[in-house]
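The primary structure of each chain is shown beneath.
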Amino acid sequence: TTAITGKWHLGEFQPEYTPTRRGFDHQYGHFFGMLDYFTHDRDGKTDWYRDDKPLVEEGYTTHLIAKEASCIIREQAADKPLFLYVPFNGIHSPHQVPDSYTAPYQDLPKTRQSIAGMLAAVDEAISQITAALDEKGLREKTLILFSSDNGGPGPGTATMNTPLRAGKGSIYEGGIRVAAFATWPGRIPAGITIDEPMHAVDWYPTLVKLTGAPAEQTLPVDGLDIWPVLTQGAKSPHEALLLPGMSPEKMALRIGDWK
């Protein structure tokens, strides 16, 4: 079973570009970014769908996405594999969160309280999803991957990327170097930190290998298998990493310690 709960952001101007036409059995959430967290509206139009059909419902999007993901896990047949993709719109702008989530962060500057509360809501949502895995007895059988997509925006005001320079949209480390983790009890050593450079595109060939899917692909694959890096302390398989910014003229190339 394949399912997505959260942000799609890969096109919908024709039905062929929507999630259920692109490999997902189930879809829930929004097609674009920057929607209102409470009304689910974007540019005056509701951006909320189930199985690619418009859906009207109430609730804070982070809560709804977590609830849907948890339900999918609980309803999944125990003997059937599940690929669940959960791209939260939190903590993307607009920076909105129920007041109760900002209460613990009143000592932060006003511009940071909302983002701190939004992140707390995402943390809570992830704990609900892992709780669903525990209830089904699936934690030992599940590989969990977590990653941010870019550094925090507005460093020094809305977010803090210290000690890294700059933030979202730049090709400095504060824009492109992000936190990520992988956990799989008994398969990935627990409590270790990996400093080897890796790239988001590496998840694809790594998962292709783990699932036993055909290694031969129609088009060239950008990423490399990083399973030995995660499990055996191996060095990064990359000789070089191409790091794009937000526009074609912004590009960085990292080779070893040089960038």
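Here the structure is a predicted model, which means the values were calculated and not measured. Per chain, the residues get numbers from 1 upward, laid out in the order the sequence is written. Under the rules for a predicted model, residues below a pLDDT of 70 receive no local features and side-chain atom pairs below 80 are neither given nor counted, while totals for whole chains, interfaces and linings still include all residues. Water and hydrogen atoms were dropped before computing side-chain values, which therefore reflect all heavy atoms in the structure.

Draft legend 1. Expanded view of helix 3 (residues 110–135). Given a rise of 1.5 Å per residue, 26 residues ought to cover 38 Å, and the 38 Å separating the end C-alpha atoms of helix 3 matches this to within 8%. Looking at the buried residues of helix 3, the elements they touch are helix 1 (61–75), helix 2 (99–102) and strand 8 (144–147). A positive backbone phi angle near 70 degrees is found at Gly137, which sits one or two residues after helix 3. Each helix is a run of H or I in the DSSP string that is no shorter than four residues. Each strand is a run of E no shorter than two, and both are numbered from the N terminus. Residue count minus one, scaled by 1.5 Å, sets the expected span of a helix. Here, two residues are considered to be in contact whenever any of their heavy atoms come within 4.5 Å of each other.

Draft legend 2. Region of the structure containing the sheet that holds strand 6 (residues 53–54). Spatially, five strands are ordered 6-5-2-1-7 in an open sheet, and the strand pairing comes out mixed. Each edge of the open sheet carries a strand with a single partner, namely strand 6 and strand 7 (83–85). Any two strands are treated as partners once DSSP identifies two or more bridges connecting them. With two bridges joining them, strand 5 (residues 49–50) and strand 6 adopt antiparallel strand pairing. Paired with Tyr49 across the bridge in strand 6 is Pro54. Against the sheet, helix 1 engages strand 1 (2–7), strand 2 (26–30), strand 5 and strand 7, with an angle of about 170 degrees to strand 1. Lines fitted to C-alpha atoms define the axes, with helix axes restricted to the stretch in contact, and inter-axis angles between N-to-C directions lie between 0 and 180 degrees.

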